[in-house]
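# Understanding the architecture of this molecule
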Amino acid sequence: MKMKNFKYIISTAIAGVVLAGSPALAAYPDRPITFVVPFGAGSGTDKLARVLAENVSKQVGQTVVVENKGGASGFIAAQEIARAKPDGYHIFVTSNTTHASNSALFKKLPYDPVKDFAPISKLGNIPLVLVVNPKSIPSKTVPEYIDYLKQNPDKVFFGSGSTSARIGGELFKILTGTKISNVDYKSNPQAVVDTVGGQIQMMIADAATTLPLAREGKLRALAVSTSKRTDIAPDLPTLDESGVKGYEMVAWFAAYAPAGTPEEAIKILNQAFVKTLNDPAIVKNLQIQGIEAESSSPDELAAFQKAETEKWVDIVAKAGVEVR
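I will try to describe carefully the structure that is included in this document. Computed from a prediction, not measured in an experiment: that's the story for all the values here.

## Side note on the packing of aromatic side chains
- On inspection of all chains with the given rule, the structure shows nine aromatic pairs.
- Aromatic pair phenylalanine 75 and tyrosine 111: ring centres 6.0 Å apart, planes at 70°, arrangement edge-to-face. In this pair, phenylalanine 75 is assigned in helix H3 (residues 75–83) and tyrosine 111 in the loop between helix H4 (96–105) and strand S4 (117–132), connecting sequence segments 36 residues apart. No difference in accessibility class separates phenylalanine 75 from tyrosine 111, as the two residues are buried.
- An aromatic cluster is present here, built from Phe75, Phe92, Phe106, Tyr111, Phe117 and Tyr256 joined pairwise through their rings.
- Here the basic side chain of arginine 31 rests over the ring of tyrosine 89, its NZ or CZ set 3.6 Å away from the ring centre.
- Directly above the ring of phenylalanine 304 sits lysine 122, whose terminal nitrogen or CZ lies 3.9 Å from the centroid.

## Thoughts on helix H8 (residues 207–215)
- Counting buried positions along H8 gives seven out of nine residues, so the element sits mostly inside the fold.
- Listing the buried residues of H8 in full gives Ala207, Ala208, Thr209, Thr210, Leu211, Leu213 and Ala214.
- Phi turns positive one or two residues past the end of H8, at glycine 217, with a value near 85°.

## Quick word on the pairing of strand S3 (residues 90–95)
- With respect to burial, S3 is a largely interior element, five of its six residues being buried.
- Bridging between strand S1 (residues 33–37) and S3 involves three bridges; their strand directions are parallel. Of the residues in S3, the one forming a bridge with threonine 34 is histidine 90.
- Of the strand pairs in this sheet, S3 and strand S9 (residues 250–258) are connected by four bridges, and their pairing is antiparallel.

## Digging into the pairing of S9
- Buried residues dominate S9, accounting for eight of its nine residues.
- Pairing between S4 and S9: nine bridges, direction antiparallel. If you follow lysine 122 over to S9, its bridge partner there is alanine 254.

Conventions adopted
Per-chain numbering applies: the sequence of each chain, read as written, is numbered from 1 onward. Since the coordinates come from a predicted model, pLDDT governs what is reported: local features require at least 70, and pairs of side-chain atoms require 80 or more to be given and counted, while whole-chain, interface and lining totals use all residues. As a rule here, side-chain values come from all non-hydrogen atoms in the structure, and water together with hydrogens is ignored. Classification of ring pairs rests on two measures: the distance between centres of Phe, Tyr or Trp rings, Trp counted by its six-membered ring, which must be within 6.5 Å, and the angle between planes, read as stacked under 30 degrees, edge-to-face over 60 and tilted in between. Working definition: helices are DSSP H or I runs of at least four residues, strands are E runs of at least two. Numbering for both runs from the N terminus. Under the scheme applied here, a residue whose accessible area is under 20% of the maximum for its type counts as buried, over 50% as exposed, and between as partly exposed, the area being computed with a 1.4 Å probe on protein chains only. The criterion is that NZ of a Lys, or CZ of an Arg, lies within 6 Å of the ring centre and within 35 degrees of the ring normal, and then a charge sits over that ring. Should DSSP find at least two bridges between two strands, the strands are regarded as paired.

Take a look at the structure:
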């Protein structure tokens, strides 16, 4: 054998060993996957993540664990994922808060919603619901509630544990000309607990967090934030048809991986999400919880996120919220 050919065979063999051990070509997944959620247990994002974790686990043949990293408008969890090893084992199950509305609300973010993440799939939509404490607020309709607020200025507080809930309340205040004050919480479920307890009187928050308590009579639901009535709560009028003209807000969920995650891992996860979110039993389960299932391709999610970021800039401006 000529020396030249011998060197070629050795170098090829070494290259083969290196490539075989690379993340891009290794069998995926070969260990548990973690879904990181930027909000607390009981939030709409958390409920969706747990349904997905159980069913995606069956698709990929590995355990999927849900980790809640709430606080700071999703900054903590978003930063963690942005800095995580891009190997497909730490996935961000999040909402428009971290990937659209934060960009409109804050002048500077400690992460880049586009450059630091690889889109996987859209996961669903969720309307916001205006709820009040039934013991503190006598109103049973939105017009009655607006009259009550105008007769009792600065006496009603609304809670927000997410950017959507904060902007939702501020937009309501601006469009109705009422005086209500915001109280910040670490997560929406914490704010809901205080709304039920009467420490605050109102919230405009995701249906998954609010509707179950409204059905139990612990909260009173007055309207939804969508432009048209939703199948999730068909008996509830929209805020727009209740006299708050121009009010429209819809929160959404999506899955992302750290930028640089191998395309094969993204493809496998996307297929698992799409199959799960097109299962009629899962769609019905999520609908009961106030979530409308919807999947997408990575490219579709990227385009949707871009459009939504621009939309949230307009919503923040309309709500009169100061950019921080």
